[in-house]
Each structure stands twice: as C-alpha cells, then as structure tokens.
Amino acid sequence: MDTRDPPPGSAAAQQQQASPTVHGMVNEAREQGVPAFEFPPDASPEDKAAMAKKAIPPGLDLSKAKASVKAAQAGDAVISDLDDVGAVVDMPLAAKNGVTNGTSQATPEVAGAPAKSSEVNGYPKAGDGEWDRTGWEPRFGSLNDALGINKDDSVTDHQTFVEANLDEKFFGEWWHNAGIIAFSCLSTWFITKIGGGLAWIILIGAVCATYYRTSIRRVRRNVRDDINRELAKSRLESEVETLEWMNSFVFKFWPIYQPVMAATIINIVDGILAAQTPGFLDSIRLSDFTLGTKPPRVDNVKTYPKTEDDFVEMDWAFSFTPNDTADLTSRQLKKKINPKVVLEVRVGKGIASKGIPIIVEDMAFSGTMKIKMKLQIPFPHIEKVDVCFLGRPTFDYALKPLGGETFGFDIGFLPGLSGFIQEQIHGNLGPMFYAPNVFTIEVAKMLGGAPIDTAIGVLAVTVHRAHGLKNPDKFSGTTDPYTVFSLNNRAELARTKTVHESADPKWGETKYIVVSNLNDSLTLQVYDYNEIRKDKELGVATFALDQLQKDPEQENLTLPVINNGKARGQIVFDVHYFPVMEGRVLEDGTKEPPPESNTGIVRFTVHQAKDLDASKSLVGMLSPYAQIMLNNRAAFTTKTKKRKNDPVWEEAHEMLITNRKTCKLGVVIKDERGFVDDPVLGNYQIKLTDLLEAKEKGTEWFNLAGAKTGRVQMTAQWKPVAIKGIAGTGGYITPIGVMRLHFQSAKDLRNLEALGKSDPYVRVLLSGVEKARSVTFENELNPEWDEVLYVPVHSAREMLCLEVMDQETLGKDRSLGATELTLNEFIKEDAEGLYQVHDEKRNRSEGLLLGRRSTPKGVLNFTVAFYPCLNIADPEEEDEEKRLLEVEEENDTVKKDPAKAESSGKDNASTASSKKLGAPEGLDSAKTPISPAFTINSHSDEGEKKPPKIKLTPEELVKYESGLLIFKIIDGQLSHKDCYLEVLMDDMLFPAFSTSKIRSKQTKFDEIGDAMVRELEFSEITLRLREHGDQGEVSVLAKLSGSTLETLKMCLNNPTVLTLKNKDGEQSKVKVSLKYIPVNMKLDPSESISNMGTLRVDILDAANLPSADRNGKSDPFCVFQVDGKEVHKTQVQKKTLHPAWNEMFETKVASRTAAKFQVEIFDWDMTSKADFLGKTDIDLTAIDPFKPQTFVYNLKGKKGEEGKFGELRLRMVFKPDYVTRTRQGSSTFHGTFAAPGKLVTGVAGAPLKVGGFAVGGISKGASFLKKNTFGRAKASAAAEEEPMIIEPEIERTTTNQTRPKSSGSAIRNVDGAGDDNLNTPKRGGSSNGLSPGSAMGGTSPHQRSRSTSSQRSVSGVIGSGPDSGTATVRLVSASGFPPGANVQVRIRAVDKNKDLLKSKSIKSSSGDVQYEESFTVQCFANQQFKIFVKDNHLFKDEELGEGLFVVDDTGSGQETIVQVGEGRVTLKTSFKSAETASNESPKAARRGLLKRG
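The shown structure was predicted, so the numbers you read here are calculated from the model rather than taken from an experiment.

K.L.:
Help me understand the pattern of salt bridges, please; the structure alone is not making it clear to me.
P.N.:
Pairing is possible between side chains that carry opposite charge, provided their charged atoms lie close to one another. If you walk through the whole model with that rule in mind, you get 44 salt bridges. Notably, a salt bridge pairs aspartate 1101 with arginine 1209, separated by 2.9 Å at the nearest N-O pair. Pair noted here: aspartate 1101 is in strand β44 (residues 1093-1103) and arginine 1209 is in strand β51 (residues 1207-1216), with a separation of 108 residues, a long-range link. Overlapping salt bridges bring together Glu753, Asp806, Glu808 and Arg814 as one network.

Written as structure tokens, this is what we have:
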C-alpha cells in the first residue's frame, strides 16, 4: 500500500485536508442535538438519496403539501347542536381508540440546545425593548411628534442671540411686539427723566430692536407655515397625484413578471379543472392565458390627510386598456400581444374526442377603488385593508364560444346579451366590492396563519313582527310573508316560518348567524309565499353591522321594507352580537388564554384521507368526498376529488355549539357515483372534547371505522362565545373547585396620584375576566386587607391574575401591578381521578409587575388554597342520559335496511347544510335545562377510568356546610329597564354575579352563575336591581334578601318566581332555579358568622379612679376604640372618682378573634388637654353569643403597667350576624362596618317547602303581609287604630346560646329606601342614660324575665327567634321632677327619630303629674324604647332626663317604673305575639296558601 502523502495542491490532498473539518462539523452538530448525515464521497446521487430516505424519521411525511383553506363567504348558515334538521346517520360510538401511527407529535425541545441569544455582536437586539438605536419607538401620529422635532426649529440660520438663548414662550406673539415697543418708549422717557445720556438711549434701542426683530421673524414664519400647511391640505383634498414613476417601473417589469404569473395561473387552474370535469367530458383545460404586452397602469391617487393616526385612506384610479395604442410607438405596435384566454373543452373519449376552444380576448377594465388600511404596532404593522369600488367599474371583452380564432365571432353583438352578462357580473360583485360594501383583507391574521374567513362572533337576530306589508301585485290578494336572512344580499343563511294571509305577521323567532367581520350588512328580505309559482319579494330591510361595534345589543329596531325605492311596510327586530372571547393582552404584548366556556364556535377541518379502500371502485380510482357530521346529522359536504385515492380537501366548516361536553363530531367519506347511491368508504366519530385534547397532544390522524383500510386527518379549533338568551348553558362550565385567596396586605405600592396617595384594592382575574375583588383602602400605600376571596375554577390549565388597582372616582381604574398564579401548582388528582385538597396556605410575597419586562414595585402578601367540589350525580342529568340512550336504541331497531343509512345522499347533506337554524320549536323556557354541572359521558372508552359519583338526596345535599350555589336566572317581569340584576352573598360588598344589561321590562335571561356559600345554615342571599354606576344603595332600584338555605330548598331544581320590591311598592318578578354542589372544605373559624356581628356595650360604672384635679376628684369620661378607631365616647361625670355612666352603644365587629377592642378613661379639663386615668383591653372571644355578661376590668397605666388605676364595670352581649364590607379601609377581619340591610318580617311571594322540600306553603313570619314596605297599614274598618310597624334587626337565637340560627324564612323583601346605619351616641351630647338603681325591685331595665314565646327555640326547626307582635304602652304618671316644671313625656323606639308618644304638657307645683295616654306599635318582643322628659317652654325646651325600658311580655300586668333623671315615670306595658293574635282571629281559618308569584 502506498502510504506516501499526495502531492500538494492535488484533489486528494484537498480532500484529506477537508476531512477533519467535515468530521468536526458533523460531531459538533450531533452534540448540539441537530440531526446530521455523512455520505461516502464516491457515492452516486441515487445512493445518497436512498441513504437519506432511510434516515427520515417514521411518521414524517415530506410529500404532503398543505393547501390553502377555502375562502368562504363572510357569513355561513349556522349549523348547531340544537339543530334537529336532516336524517340521522348511523355513526360508530364516539371513542378515542382510532389514533393511527401517523400521529404528528409535537416536536420536543432538544436537550442542551442553546437558548436564543438576546444580543447581537455583544449588544442587545435593536427593537427588542431597545428603540434608541432605531430613532424612536413605534407609535401612531406624526414622525415629527415621535422625534420631538418642531418645524420652527429647523431654520437655524441667522439666529440672533436672543432667539438662541431665550425660551420660545417669551417671544413670537403680537403682544410681545407691542410690549417691546411700549417698553422702549417708557424706558427712554425714564432715562431722559433721570438725566441719562445718549449712550443709554442707543443701548436700550439696540436691545429692543434685537428683541423686536427676533419676535417679528417668528411671527412671520409661523404665519407663513400656517398658510403653506393649509394650502397643502387643500391640495391633498381637492387634487390628485400621478404615479408615473410606478407606471414606468411596471412597464419595464411587466415583460419579466407576466409570463411567470400566467404560468402559475395556468398550473393552478388546470389542477382545479381536472378535478371538477364532468363524467361526460374527456377533459377541460386552460390552454392559453396571457394579459398582453401592455401592462395595467395607475392613473391617479387621491389621499385623505384628515384621518385618524392609525388609518391610511386613498382612492386609486387604475385602468387596463390593452387596445389603446395611442401611447405606443410603431416598434411596440409590431410586437404587441393582445390579452387572450383560451379554455379548451374536449368532448368524447380517447381517440374519438375533439377539443372545442372557448376564447375570451381583448379584455379592458377601468375603475376607481378606495383603499383603507388600519395600522398596528406589532408586526406586520398593517392589521387589515378594506377595499371597495367607488361606483361601478367599466369593462369590455370579446367572447367567442364557437369557431375558434378563425371562424369564431363575438357573441356580445347579440342584442341584450352583453348587457345581461355585465349585469350578472355587477350583481355578484356589488354586495362584496361596491361601496358602501367593503371587502376586508385581514392582513395580520393571514400572515399569522389564521384563515381569512374565520368567525369573529355570532349574531342573534330576533324578528318580532312586520306591519303594513303591501304586495306590489294588486291581484295577488293577502300576503303570506316570511323573512330570509343574508349578509350583503348573498346566500340565504336562515328564514322564518310563513304566516299565512296576514299583512301584519308576528314571528317571534330567533336566528343565529356566524359572522367573520362587521363590515357587511344584514339584509332581511320579506317574501310572499306562493304554492305554485315562484315566491315574490315584497322588499328588503338592511342593517349595517358596523353599528354593533358601539352597541352590541340593538333592540326594537324598526326599518322600512323597501322595494324599488318605495316603502312596502316595516319590520321590527332585535340584533345581539356575541363576539368570540379572547384572552387579555398584557402590556408587554403577551396574550392570555381565552376563558373557558361551554358554548362557542367550533371550526372543524377535514384535511385529507389516505389508504382508502379502492376495491369499491370498478376501475380502481375513487372520487371521494367527505360529509361533516354533528351529533349524527350531516352539517357540511366537501368538494369531490375526481380520481383521487388519497384526496386532499383542506376544507373547514364552522358550527355553533351550545354544549361542548355532549357534542359529537364525525366524518363520513363517500365515493361519488353520479346517478346511483354513493357507497360509504368509511366513517369516524369522536367527542368534541376528546378531539380538542387530541389536537393539544398533536394527534390528527384517525382510523376509519366500517372499512378495511383508510385513515383521515381532521382537527378542530374551539372559540368560546358567551351566548346569552338561548336554551342552553350560556357558556357556563361547572367548576371543579374553588381557590381560596387570603389577601393579607401590600407594601410599598406605586403612587399614581399627583395629590395624596393611591386608593388600592385587589381584583382576581380568571382568563382576563374579573371574578372577585376586595374592598378599597383610601389614601394608603400599605393597605392591610386581611380579606378572603373565593374564586371557582374549571381546569388546572387556567391562570389567575392578582392585580392591585387604584380606584378612581372619575375615569378608569389604574393598575398598580399584578402577579400571576398557575393553578397546576395547586390542583392535583389522585389515582381515582379525584381532585385533592390543597390547604397548606403558605405565606407568599410576590412582586407586582406592570409588564413582564418591568421592574417590580410593591409586594402583595397572600395565601392560596384549593378545595375541590364533590363529584355528585345530578338526577336530571341521569334522566336525560337515559332518554338519549333510549332514543339511540330506538333508532337502531328502526333501521332495518343497513344500506339505507349508507345511502343518505349528498343532496340530503347539502340540504341540511343550507337548513336555517332557529330557536327549537316547542322548547319550554320555564323548564330548567339540563344542568351543565354534572355531565355523564355514555359513549366513553371501556378502559377509561372515571371517578365514582356520589348520589345524594336533597335532604342529604343541604347538610353540607360549604358549597357552590349555582343559579339559573330564567326570565323576569321587571318594573325597571336599563339596569342589572345582581346576586350578593353574605357579607360581600360586590356581587358574585351580574346579568347583562336589561333592555326591556319583559326580558329573558337564561344566564347561569355561581357563588360560594361558606355556611349554608347561616348564609344570606340578596337579589337586587341596580342601575349602572355607583355600587352604593343610591343606585339600587329593588332588593330581596333572605336565608340561602330556605331559598335553596324552595328553588332546588325547581324554577320559582321571586318578587323584588322598591320603596314605592313596585314589584319585579324573577324566575330562578338553583343547584348546590358541596365543596370539600373545613371552614376556618375566623370566617364563621359566629366570629362577626354586633357588639352591644352597656357602660355601667367605675370605681377607685385616680384623682387628677386639685380638689382630689376627677371629671372622667370613657373612649372606646375598635382597631384604633373611636366608636363611642361617654358623657363627662363631674367631680367623682366613682362615676356611673349607665350608657349603651352598639358597634359592628368583623372578627372577634382579630379585633382589638380597647377602652381609655380620661379626666376632662376645660382649658387643657384631657388627662389620662387608665385603660384596659377587652377580649371579645370571652363573650358568649346572645348571652348578656357583666365584666369587671382592672385598669392599667398608659404603658400597660399594673397599679391602682381603678376598676371598670361593663355589661356586653354579642349578636352574630354578617357584617357588610365597606370602602373605608375595612375588611373581612378588621374595621368598623356599616349596618347590613334590614329584613321586613314578611315573605317573598314565593312558596316555602313543607317539611324542607315540598309544595308551596307559608311559614311563620307572614303575619305582616297586609302591610306595605314602609309598614303603613291598609285602611281597615274593623280596627279603630292600626298599630305602626317597627323594623328592628332580626335577633337570631339557638337552644345552646352559642351560635345563631337562620332566620328561617326564604328570600324576603327589603326596604328599598336603603339601609339605616346604627346610630352612635354623640360624643359630647346626650346619651342613653340609665339609672344605676332599678325601677322595679332593684333590677335594671336591661334585665328582665323573658316570656316563653320570646325565649322559644325548638330544636331542629329553622327560624326560631324573638316573636313579633303588638306592644301596648300606657303612660300612667310622672313624679320627682322640679316643682313648677311644665312636664312633657316623649317615647320613641331606640335608634328611631320618630316619637311614638308625645304627651300633654302639665304643670304641677309638686312635680307629680298624672297621665292617661297610650299607644300601640308592632315590634319584636325584645324591642327597646327610649323615654324623654322635658320642661316644655314656648321657645326652648329644657331636658329633664331620659331612660330606657322594654315592654313586659310576661303577661303580669304590673307597672313599670323608669328612672328618668331625678324623677320617675310610671308605665303599664303589655305584649301580644302575632301567633296568638292569628290563632284568635276568625280570619285565620279562612286564609289559604300563597301561590307562587
């Protein structure tokens, strides 16, 4: 062997030198994970190709060329899962076991691959957040504005010193010029006056002249620029520009480009014609195509400068006139080629065939087109282009269908034929291209890979009626009208039923239309139905869809029906637009996933099929087409691919889906046979949810069922749409659980206010939709919310955005920063598929970002937990599933002839695709639809494991304390419109659900929402009608509140009418149905109702206080604080160390465990600051609910030190109740709250359930039904005096006196006048004085023996509490008051400003007065009354004292003595419960059950 080195420079030497380099490149590529191949250098090209083919990974089909998606019309006839039109096709069970090996899996990321570098040549990429290198950041508007360039500054020559150094605002205006002239005159006069010389005059003149010259130059320049600018604008608006430079370029470029373009067109058209050739022809092909040697030209362009910054609008006038030779030279004329198109149709077969040419030549075209471009900042910087013709374009041609070039003649010379053809062309192009109709090209979507015909939303068109329809044919009689819907008068999309023999038809039908843009017009064509002859058009009404961009809900539209320019009647209809829901676009440009929805639009695409069974064709070549199936019914049919065993369709169809969980999609592939039945080559059916999951995994190929071989490639794209008002779920998806978010605090927030600080609150966004929000802290950058919010979630793939906002009184709230949570961190499944509880509640501190690339500013502190819903079974869902299975079995038994199912011809499918979808007939809107909460999939894989479902009876269901309340609001008869219906739960300030805007008083909602119930037994639900705007009580139009438990019992799977009332007594009725899903959660004690409520404090007395004055005494008063906020201040007791205040106050406590309750005692001084005497902290957890307890506290020093600071005696009682959250810096666990709404002691006008779940009835609490909202009694001839009604808050008691019971009545009317806040005694004024001694036997008015009825609480009965009834108070006497006083007694209810009794003024020398006056009032048994005694004078009354008392409900008949100041007032009181009165009344026996409202 020759081991010598090859000669230098030889080929062998070069190959030897290159080998190490090549091997090094291959090894380096393989190390980086990049596939690299190495071939022998002496291998032939065929061998290299074979080696490369073996190295191709399996499943990678390089021969597949993806075809473009068919461009469809802007609106398609909607096919929906509600549609029952068309024959039912026998399809295989929906399954996921048909996946083939041709699955296109997602390419995994190569391990170790280098990350994309964010630097170029050691510097950051230009444009990736670094815009300095490009000159400016992309923006709309003038370039000069972007660069900060002022045109006036461009003239820098001849600048004076003043102009270069003086700010522009100090010169350049006419008053500057006038001012400098005046200054020069006054300054020279002053210099002369003080004896200055000529030099000073010259100096002042030079300065003034320089300034004047500079200023007058600026004035002249501004005037000149303004004039030039206006002249330029007028030229742009009135004149046109020529584009000869473009025409010159096209003239030279045309010889190069035209042949290539013509060849491309021929190749594309020939392929299409070959597939569409009828069987009786041999072939159709485009034999010649040329546009000639003379190119088209742009005649002129007109620009519109006064448009918005992001729009460019121009008018282009263009022409294509190849026969116009006036501008051609003689040399160009010799080489001129005229445009010509030759279509060859070959008749016959094989040798016995003849080609017949059809020639179109000498084409000419001219017109003016308006082009309007909308710009955008992201690439490709042009969002869309709108194109339309301004007027009809003119065109000409020569058509020679027979004879060819030699003997052919132009048939356009035939009379009327040319005009007919042109009118046909204008009729087809007009609805798409002729103004005002525009053709929209979605440039951004096209370049982004989205098809241009993709749907953007759904139109719900409700046709109510028409009136005054006139038939232009006077001999046709009465009209039989129906309405046809279309877009731009194109293909029919839907039609109504026919109303026979009526000129004023009433349809009341709703049709749904999928739209791809809002630039079209909705046309409603009214036809007169005729049985024999063609239906006659009565007229057309047109509605421009662009109006929906401003207001998507257009109701009660009345448009004229126009025929030949004359009105032939009017049509009344509504149009509602429901856009496709998209994810929120963040400030950095990233887009969040769209929200989950059970309703939407599915774009089902059938791409291609392979390995079809060719044995079913006699010649071995198939002509397949595909039918798209929706729930076993044909929805769309693709084109037929002639003589293709591996057809490629690439056709898509969009359908409206109202229930994604139960929807099934399928495809049936058939072979077209012409006049005989088309045989089925195979079919496949799959659930929509499974198909969407398969697409996420990269699975697109599925094996065909019912065939030897064959597989089909199909995909689906889901677009959620929240369609409200249809019989379905309204897009609602049942949550899998709830996220518990405990927002503790935030630190160092951004301050966006110029004056003061931000007003922060936290909101929770789920897929860009606000689901919950906290209260607002005013003027605070470090808020302490300490608030818990619950957010229902639907999938572990969802993401929560926690955003801190700055609330604004005027304008939109501004973001202070946000942080995101991915739910897959908290939502996990066990081996059985059940979701697990995640309640670690780890403290998290996340920085707040305004964008992904921004710097964090501020920290949000919170905890997160997840609690799953129980997997319970719904009886309604199970019954519906059984019914569907029975229907399918019945269909299977009916099909005796299997071939009949296969022969559901293509004509039936196309007819079904053109059927018009409306609201399903016979649908009962009052019936609760199948709940989307519990979906049972009957056609599931046998091997697929599903978590077991729990079956609960209604009685067992309501035993679960925490859960999700799902409410379906069906319809309503309201007393208001242009408002919203909201649902509030417990102590929440903001609604858990709000309907869409109510447009009419008779409305149909069909909306579903949910809310978290923490404690079902004690929960309260509120329905209210609210105007748009403020969240306060001012905007509330009507309200209804009551027990959630009783309301659930009444409305569980049972549509029930609830009645809301306003302050004027007007009623609004809403039909509601409820469901309840328990949540696997143990409620935190701090969130329980027993931890919040109303605290009543009786300030009795103190002893052994320190002395602060020189006389050895003090003037003590108390100050009570909750969480640092003063809630009460007592009166000053003068000169005593043992004060007895005997005052009472009430305050709201949001959390006993977290509240800091403190009392401080001070010594009052007239001229100096009050001196500190002592303080003590009060532990509220030591107070048992509803049990009055007396506590003695040892006071401490200012720093908490022990000592001789005295004792304080208090009596306190805590009444648990929900505390409504407020804006004033309060939260769930801290702060002082406004009083919650008060409940009228009546019923809702809806039945309660007997025994928990039964038919309508009425429970205790209905004794005041004869009273209206404000408690005024109706006139009654039987009663001489009707008592007034007092509405105190309902006190809730239990047998063990530890936790409150529910009020026991279902949802009830609430006073629409608003909620009254608890009155706090004035800090320095009068208070509720109580005598330390007793009026009767030494007992305080607070301590009394309760009657049996007022103490009654029956175990197991919901609704026990203080009795309501009638109290009678008789004033007997007054004694012990100063002699000569003109004594007057007044009595009123506590916290009420209206006097119930105002006695006569009696003057007595002894101070003892006798009365015989009385009054009656309706109230509760524990109602407190306040008594005042005054010395009545003409001008000013002198107060002698006040006191408290309660009515005697024991029936003893004894007198009640009340200590009032220095005197005493003697009363006789009695109480009669409403239950006793109703039993004694003979009318009670005749009272029937309330019927459901």
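Right, picking up where we left off after that structure.
K.L.:
What's the story with the sheet that holds strand β21 (residues 624-630) in this structure? I'm lost.
P.N.:
Paired through backbone hydrogen bonds, the strands of a sheet run either parallel or antiparallel to each other. The four strands are arranged β22-β21-β24-β25 in an open sheet whose pairing can be described as antiparallel. Pairing within the sheet leaves two strands with one partner each, and these edge strands are β22 (633-637) and β25 (680-687). The sheet shows a mean angle of 25° between the axes of neighbouring strands, taken without regard to direction. As paired elements, strand β24 (residues 664-671) and β25 share seven bridges and run antiparallel to each other. Bridging across to β25, lysine 670 finds its partner in valine 680. Against the sheet, helix α12 (residues 688-696) makes contact with β24 and β25, and its axis sits at roughly 90° relative to β25, the strand it touches most.

K.L.:
Can you walk me through unusual backbone geometry in this structure?
P.N.:
Peptide bonds are mostly trans, and most non-glycine residues show a negative phi. Following phenylalanine 379, the chain continues to proline 380 via a peptide bond in cis, the omega torsion being 10°. By the secondary structure assignment, proline 380 is in the loop between β8 (352-375) and β9 (382-389). In this model, alanine 435 is joined to proline 436 through a cis peptide bond whose omega is 10°. Counting through the fold element by element, proline 436 comes out in the loop between α10 (417-433) and β11 (439-441). In this structure, asparagine 564 is a non-glycine residue whose phi angle is positive, near 55°. With respect to the helices and strands, asparagine 564 occurs in the loop between β18 (553-563) and β19 (566-579).

Conventions we followed
Residues numbered from 1 in each chain as written. Predicted model: local features only at pLDDT ≥ 70, side-chain atom pairs only at ≥ 80, totals over all residues. Heavy atoms only, no water. Salt bridge = Lys/Arg side-chain N within 4 Å of Asp/Glu carboxyl O. Helix = DSSP H or I, 4+ residues; strand = E, 2+ residues; numbered from the N terminus. Pairing = 2+ DSSP bridges. Axes fitted to C-alpha atoms, helices over the stretch in contact; angles between N-to-C directions. Contact = heavy atoms within 4.5 Å.

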